[in-house]
Amino acid sequence: MGLNAPRPAEASVLAIDAGNSKTDVAVIGADGAVLAAARGGGFQPPRVGVEAAIDALAEPVGRALAEAGVTGVAHVSACLANADLPVEERELADAVQRRGWGRTTEVRNDTFAILRAGVDEPRGVAVVCGAGINCVGMLPDGRTARFPAIGKISGDWGGGAGLAEEALWFAARAEDGRGEPTALARTLPAHFGLDSMYALIEALHLEHIPSGRKHELTPVLFNTSAEGDPVARSLVHRLAEEVVALSTVALARLDLLDEEVPVLLGGSVLAARHPELDEHIGTLLAAKAPKAVIDVVTAPPVLGAALLGLDHVGAPPEARARLRAYYA
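Residues numbered from 1 in each chain as written. Predicted model: local features only at pLDDT ≥ 70, side-chain atom pairs only at ≥ 80, totals over all residues. Heavy atoms only, no water.

Further remarks concern the overall build of the protein chain. Helix and strand content of the protein chain: 13 helices and 10 strands. Rg of the C-alpha trace for the protein chain: 21 Å, near the compact-globule value of 20 Å for 328 residues, within the 12% margin. If one aligns the C-alpha atoms of the protein chain with their principal axes, the spans along those axes are about 70 × 45 × 35 Å. For the protein chain, the share of sequence-separated contacts (at least 6 apart) that also reach a separation of at least 24 residues comes to 68%. (Helix = DSSP H or I, 4+ residues; strand = E, 2+ residues; numbered from the N terminus. Rg over C-alpha atoms; globule rule 2.2 N^0.38 Å. Contact = heavy atoms within 4.5 Å.)

The next thing to look at is unusual backbone geometry. Even without glycine at this site, Asp255 takes up a positive phi of about 60 degrees. Checked against the element boundaries, Asp255 lands in the loop between α9 (230-253) and β9 (261-266). On the basis of relative accessible area, Asp255 is assigned to the exposed category, the value being 55%. If you check the backbone angles, Arg273 has positive phi at about 55 degrees while not being a glycine. Considering the arrangement of structural elements, one finds Arg273 in the loop between α10 (268-271) and α11 (275-288). When its relative accessible area of 46% is taken as the criterion, Arg273 is described as partly exposed. (Buried < 20%, exposed > 50% of the residue type's maximum accessible area, 1.4 Å probe, protein only.)

Moving on to α9. With 24 residues, α9 ought to run about 34 Å at 1.5 Å a step, and its terminal C-alpha atoms sit 34 Å apart, in line with that. The N-capping residue of α9, defined by a side-chain oxygen 3.3 Å from the backbone nitrogen of Val231, is Asp229. (Expected span 1.5 Å × (residues − 1). Polar contact = N/O pair within 3.5 Å; in protein donor to acceptor, adjacent residues only side chain to side chain.)

Our next topic: the environment of Leu277. Position of Leu277 among the secondary structure elements: in helix α11. Distance from Leu277 to Lys288, taken between C-alpha atoms, is 17 Å for residues 11 residues apart in sequence. Setting aside its immediate chain neighbours within four residues, Leu277 contacts Phe222, Val236, Leu239, Ala240 and Leu270.

In this section: the packing of helix α5 (residues 159-176) against helix α8 (residues 217-226). Two elements in contact, α5 and α8, have axes whose closest approach is 8 Å; the angle formed by their N-to-C orientations is 60 degrees. α5 and α8 meet at a crossing whose hand is left-handed. Contact residues: α5 offers Gly160, Leu163, Ala164, Ala167 and Leu168, while α8 offers Leu217, Thr218, Leu221 and Phe222. Here the contact of α5 with α8 is built from residues that sort into seven nonpolar, two polar and no charged. (Axes fitted to C-alpha atoms, helices over the stretch in contact; angles between N-to-C directions. Left-handed = near helix turned anticlockwise from the far one by under 90°. Nonpolar A, V, L, I, M, F, W, Y, C, P; charged D, E, K, R; others polar.)

Here the focus is the side chain of Arg123. Among the secondary structure elements, Arg123 is positioned in the loop between α4 (111-117) and β6 (124-129). At a separation of 3.2 Å, a polar atom in the side chain of Arg123 contacts the main-chain carbonyl oxygen of Glu260. In this structure, Arg123 is in contact with Met138, Leu139, Pro140, Leu256, Glu259, Glu260, Val261 and Pro262, ignoring residues within four places of it in sequence.

Attention now moves to the sheet that holds strand β7 (residues 133-138). Reading across from one edge, β8-β7-β6-β9-β10 is the order of the five strands in this open sheet, with mixed pairing throughout. The outermost strands of the open sheet, each flanked by one partner alone, are β8 (144-146) and β10 (292-296). Between one strand axis and the next, the sheet turns by 15 degrees as a mean value, whatever way the strands run. Across three bridges, β7 lies against β8 in antiparallel orientation. (Pairing = 2+ DSSP bridges.)

To continue, consider the layout of surface pockets. The volume enclosed by the largest pocket comes to roughly 1,000 Å³. For the largest pocket, the lining is made up of 31 residues, of which Asn20, Gly130, Ala131, Gly132 and Ile133 are closest to its centre. Within the residue set of the lining of the largest pocket, elements represented by two or more residues are β1 (11-18), α4, β7 and α5. Broken down by class, the residue content of the lining of the largest pocket amounts to 10 nonpolar, 14 polar and seven charged. (1 Å grid on protein atoms, 1.4 Å probe; cavity = no way out; pocket = protein on both sides within 12 Å on 5 of 7 lines; lining within 4 Å. Points joined across faces, edges and corners; volume = space filled by probe spheres on them.)

Another aspect to go through is the nonpolar core. In this structure, Leu188 and Leu239 are the most contacted members of the largest nonpolar core, which totals 53 residues. Formed by 30 residues, the second largest nonpolar core is a distinct cluster that contains Val27, Leu35, Ala36 and Ala64. (Core = buried A, V, L, I, M, F, W, Y, C linked by side-chain atoms within 4.5 Å.)

Distances and angles like these do not, on their own, reveal function.
Right, here's the structure in full:
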């Protein structure tokens, strides 16, 4: 049986939100009812290849379609990590379409799911800061603003991984005398039970501490900043500057700088609501886009993928309202 409605002859939307670590899938009826949902593993085409990544999606998609009692849908709305460029979105859309899950398919970068989940209509800007950092904007007429968001080669700075690297850089130089003093030289190794940056550098280099654990240092950076350390605070302030730079450029591209419009913050770093970061973002954004309204997205991104799907099929407002109420 479905989750909250009888099974239809055909479902309207297959919504997919696929991140690096997990995938959420939902089958949506024409009336906005969630007929079935499933969760799967991460989506990493750069590591495993496009077809293998789509194979990983097929498992939760198959479970959700079976639970909904349908073999396909009218439209597939997939918001996928690592779909950073339009050419990648097109390649992934073709790969998904070949699976025959829906009559039509649209693939977007997963940041669009976070934006759409946080707005009542597809109008606004979202900045996401988790492991990396990205920003998108959209309007009801279909216009969008976006950035490649591939890393330093596309001009990016920030994200949890980048902040951890920056904190380690300053701490290492503080300990050996090349840089200015900072409490990070003490707080970063202490997080792992070590007494010096040298010990931490050695442990990371020899992989006694897996490199994947470096992201744990981002909260340490914020705590050190909150305790008044000038170097840590400078990194927090720079992140705020990056968030505002991304959002105001996106607003300008969509001619929204002087309008009342939502600027949504998402991802683990921004959703943590660090007071100093929030305050600095608010101050800087007010100077450049005084009518912008900042909010933090807490709704699941699969809701955004589903809403984009309902937008595509022209679903009535009450269908979108029913869908949003389900995820509330």
